[in-house]
Amino acid sequence: MLHHVELWVPDLDRATASWGWLLGSLGWTPYQDWPEGRSWRLGQTYLVIERSPAMRGGDAGHDRMRPGLNHLAFHAPDRATVDALTEAAPAHGWTLLFPDHHPYAGGPDRYAAYLENEDGFEAELVARG
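Residues numbered from 1 in each chain as written. Predicted model: local features only at pLDDT ≥ 70, side-chain atom pairs only at ≥ 80, totals over all residues. Heavy atoms only, no water.

Draft legend 1. Spatial organisation of the pattern of salt bridges. Under the definition given, this model contains four salt bridges. Across the pair Arg-14 and Asp-11 runs a salt bridge, and its minimum N-O distance is 4.0 Å. Notably, a salt bridge pairs Arg-38 with Asp-33, separated by 3.2 Å at the nearest N-O pair. A relative accessible area of 19% places Arg-38 in the buried class. Judged by relative accessible area, which is 60%, Asp-33 ranks as exposed. If you follow the salt bridges from partner to partner, you end up with Asp-11, Arg-14 and Asp-119 in one network. (Salt bridge = Lys/Arg side-chain N within 4 Å of Asp/Glu carboxyl O. Buried < 20%, exposed > 50% of the residue type's maximum accessible area, 1.4 Å probe, protein only.)

Shown next as structure tokens:
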């Protein structure tokens, strides 16, 4: 089981708004809060966003096309949840990727939404079942 994931972000307030909305919508609950970071937990796994003072690169956003993290994929309870979150996502700083292939951008047997936030991080929402 995954213990935690930590994402270093260029703007903590912006990341808190986008990730907080998405994770909260998927049932994750606030876990930790400190001046440079926030985290949310689901079961024993937690996700951290941090504006670390040790971060290099200033305010440059994440580039999912470079080596490193491409995206995080989350289970959504069902197709209706994927649809509702996709519709609400733009109001929370997320853009739908691959709109011409949505909701089957991952193939004909995978009902999912691929979202990218303002900092370039991608989240995939996969409907169960």
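Draft legend 2. A look at helix α1 (residues 12-25). The end-to-end C-alpha distance of α1 is 19 Å, a good match for the 20 Å that 14 residues give at a rise of 1.5 Å each. Here α1 starts with a cap whose side-chain oxygen sits 3.2 Å from the backbone nitrogen of Asp-13, and that cap is Asp-11. Of the residues trailing α1, Gly-27 is marked for its positive phi of about 95°. (Helix = DSSP H or I, 4+ residues; strand = E, 2+ residues; numbered from the N terminus. Expected span 1.5 Å × (residues − 1). Polar contact = N/O pair within 3.5 Å; in protein donor to acceptor, adjacent residues only side chain to side chain.)

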